[in-house]
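Structure at a glance
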Amino acid sequence: MDKQQEFALRTVEERDVRFIRLWFSDVLGTLKSVAIAPAELEAAFEEGIGFDGSSIEGMTRVSEDDMIVKPDPSTFQLLPWRGSTQGTARMFCDILTPEGTPSVADPRHVLKQTLAKAKEKGFSFYVHPEIEFYLFEKQSDWSQPPVPIDNAGYFDHVSRSSGMDFRRASVNMLEQMGISVEYSHHEAGPGQNEIDLRYADALTTADNIMTFRTVVKEISLERDIHASFMPKPLMDQPGSGMHTHLSLFSGDSNAFYEAGQEFNMSLTARQFAAGILYHAAEISAVINQYVNSYKRLWGGNEAPSYICWGHNNRSALLRIPQYKPGKGNSSRMEFRALDPVANPYLAYSLLLAAGLDGIEKQLTLQDPTSDDVWELTDSERQAMGIEPLPASLNDALKVMEKSDFVASVLGEHVFEYFLRNKRQEWNEYSKQVTPYELSKYLPRL
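These notes cover the structure that comes with them. As the structure is a computational prediction, the values presented were derived from the model and not from experiment.

Focus on a nonpolar patch on the surface
Together, Val433, Leu438 and Leu442 make up an exposed nonpolar region whose accessible area comes to about 300 Å². Residue classification places valine 433 among the exposed positions, given a relative accessible area of 58%.

Some remarks on the pairing of strand E6 (residues 88-96)
In terms of burial, E6 is a largely internal element, nine of the nine residues being buried. Neither face of E6 is exposed, since Thr88, Arg90, Phe92, Asp94 and Leu96 on one face and Ala89, Met91, Cys93 and Ile95 on the opposite face are all buried. Sheet analysis places strand E1 (residues 19-25) next to E6, joined by five bridges and oriented parallel. Bridging across to E6, leucine 22 finds its partner in methionine 91. Sheet topology places strand E4 (residues 66-71) next to E6; four bridges connect them, and they run antiparallel. When the sheet's bridge partners are listed, isoleucine 68 is paired in E6 with leucine 96. Relative to E6, strand E5 (residues 77-78) is paired through two bridges, and the arrangement is antiparallel. For leucine 78, the partnering residue across the bridge sits in E6 and is alanine 89.

A short note on the packing of aromatic side chains
A full pass over the atoms with the stated rule returns 17 aromatic pairs. Aromatic pair phenylalanine 133 and phenylalanine 229: ring centres 5.6 Å apart, planes at 55°, arrangement tilted. You can see phenylalanine 133 sitting in strand E7 (residues 124-137) and its partner phenylalanine 229 sitting in the loop between strand E11 (225-228) and strand E12 (242-250), a full 96 residues away along the chain. By the burial criterion, phenylalanine 133 is buried, and phenylalanine 229 matches it. Aromatic side chains tyrosine 134 and phenylalanine 136 sit 5.5 Å apart centroid to centroid with 0° between the ring planes, which places their arrangement in the stacked category.

Regarding helix H12 (residues 412-430)
Since one α-helical turn is 3.6 residues long, residues separated by three or four positions face the same way. Between its first and last C-alpha, H12 extends 27 Å over 19 residues, near the 27 Å set by a 1.5 Å rise per residue. Within the span of H12, buried status applies to Val414, Phe415, Tyr417, Phe418, Leu419, Asn421, Lys422, Glu425 and Trp426. Looking at the buried side of H12, the elements it contacts are helix H3 (107-120), helix H6 (267-287), helix H8 (344-360), helix H10 (393-400) and helix H11 (404-410).

Re the nonpolar core
Grouped together as the largest cluster of nonpolar side chains are 98 residues, with contacts concentrated most on Phe125, Phe272, Phe335, Tyr348 and Leu410. Beyond its immediate chain neighbours, meaning those up to four positions away, phenylalanine 125 contacts Leu115, Ala200, Asp201, Ala202, Leu246, Ser247, Leu248, Phe272, Tyr348 and Leu352. Listed in part, the 19 residues of the second largest apolar core include Val17, Leu41, Met91 and Cys93.

What counts and how
Residues numbered from 1 in each chain as written. Predicted model: local features only at pLDDT ≥ 70, side-chain atom pairs only at ≥ 80, totals over all residues. Heavy atoms only, no water. Patch = residues over 30% accessible without salt bridge, like charges linked within 9 Å, V, L, I, M, F, W, Y side chains within 5 Å. Areas by Shrake-Rupley, 256 points an atom, 1.4 Å probe, with all protein chains shown as cover. Salt bridge = Lys/Arg side-chain N within 4 Å of Asp/Glu carboxyl O. Buried < 20%, exposed > 50% of the residue type's maximum accessible area, 1.4 Å probe, protein only. Helix = DSSP H or I, 4+ residues; strand = E, 2+ residues; numbered from the N terminus. Pairing = 2+ DSSP bridges. Phe/Tyr/Trp six-rings, centres within 6.5 Å; stacked < 30°, edge-to-face > 60°. Expected span 1.5 Å × (residues − 1). Contact = heavy atoms within 4.5 Å. Core = buried A, V, L, I, M, F, W, Y, C linked by side-chain atoms within 4.5 Å.

See below:
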């Protein structure tokens with residue numbers, strides 16, 4: 001038994017923990033959980049816990065329904081909202097087949113595989129997400145427009161506001177769980193907030209994002225308000241994204257930094273960025289996986305609708321932040337299209353794989369744009385070689401289903417299930433007669 005397992009077992013006994021929740025993700029990024037008693041924990045470390053995989057979205061077929069969850073002791077944490085006595089702990093799990101091999105349907109395993117490929121090339125991958133969400137008043141009829149808890153704007157300081165208290169409670173709870181927070185503030189939309197997690201390796205950050213969503217939901221329930229990560233909940237207000245800063249390290253050195261080069265970007269950084277831009281349309285359906293996601297991407301308010309990059313250009317899909325003298329190891333690039341409701345394991349797998357593909361194929365990064373891409377005409381963008389991202393989930397799926405690259409990164413099982421599930425979502429959406437159509441057409445047609 002390793003030291004991390006011993007620590008978990010000792011903490012459960014010393015803190016009188018009564019339940020251990022084993023967490024994992026389905027293919028779409030929905031958190032799944034099963035609770036075990038303390039007496040079962042040692043066996044769970046050794047053998048795992050069996051469950052019906054056919055009942056989990058995209059996990060397995062009915063004829064192959066037996067699966068195993070095996071907890072990762074390095075992720076052991078107490079859940080603060082469950083109280084300090086007779087409490088509850090959680091661990092993230094790996095999904096295994098009955099034979100003990102990693103499941104091809106496990107999103108966490110997909111990311112682990114991609115990180116292993118990066119390691120073979122001498123790289124480690126770090127990410128830093130900026131997670132946006134809205135806070136609404138609680139209501140029973142969600143067919144009506146949601147009501148934000150405040151009318152504040154970007155960086156507004158609203159003394160003793162429920163939003164400020166909410167962020168404070170969220171940050172405190174995250175840090176109690178060992179998740180470091182860098183910034184928190186009010187965002188541009190009414191009731192919109194942002195909390196930025198400190199950078200960490202991609203697997204740890206993906207686990208932290210899953211925890212973050214749960215913490216925000218738990219605190220909103222305690223305060224009788226509704227927290228939503230929906231990409232575009234309000235028609236005339238900014239959508240919520242999860243801008244993510246990406247950095248690649250070779251040993252202790254930032255592989256993106258080279259002094260004296262344009263924007264201090266190394267050749268590795270330029271090739272990595274070129275790979276992301278080259279594959280941006282193919283991976284769009286995964287990083288923006290809902291019908292509503294494209295309302296954000298094409299809704300203005302600095303949303304990245306076009307495939308281009310720029311230095312400190314917030315209209316670009318990929319932004320190179322201002323370099324801080326003497327801080328070469330903080331060199332990074334910011335990918336701005338990611339949804340806060342994307343499956344972080346799959347999203348980070350695809351972003352890393354796209355960048356590595358750019359390095360392997362020595363792709364050339366085109367010239368940056370300093371223009372506000374939204375203000376350019378179609379002909380100007382075309383002349384500059386700037387292509388649009390898919391305009392809808394349907395368009396994104398059409399591009400993804402032709403992509404050998406995405407299939408190779410996700411694996412055929414996840415790839416095919418994801419496409420099938422999202423096709424169903426698009427078909428359901430396409431059949432809807434919306435309030436817009438009724439108000440616009442019914443009176444005069």
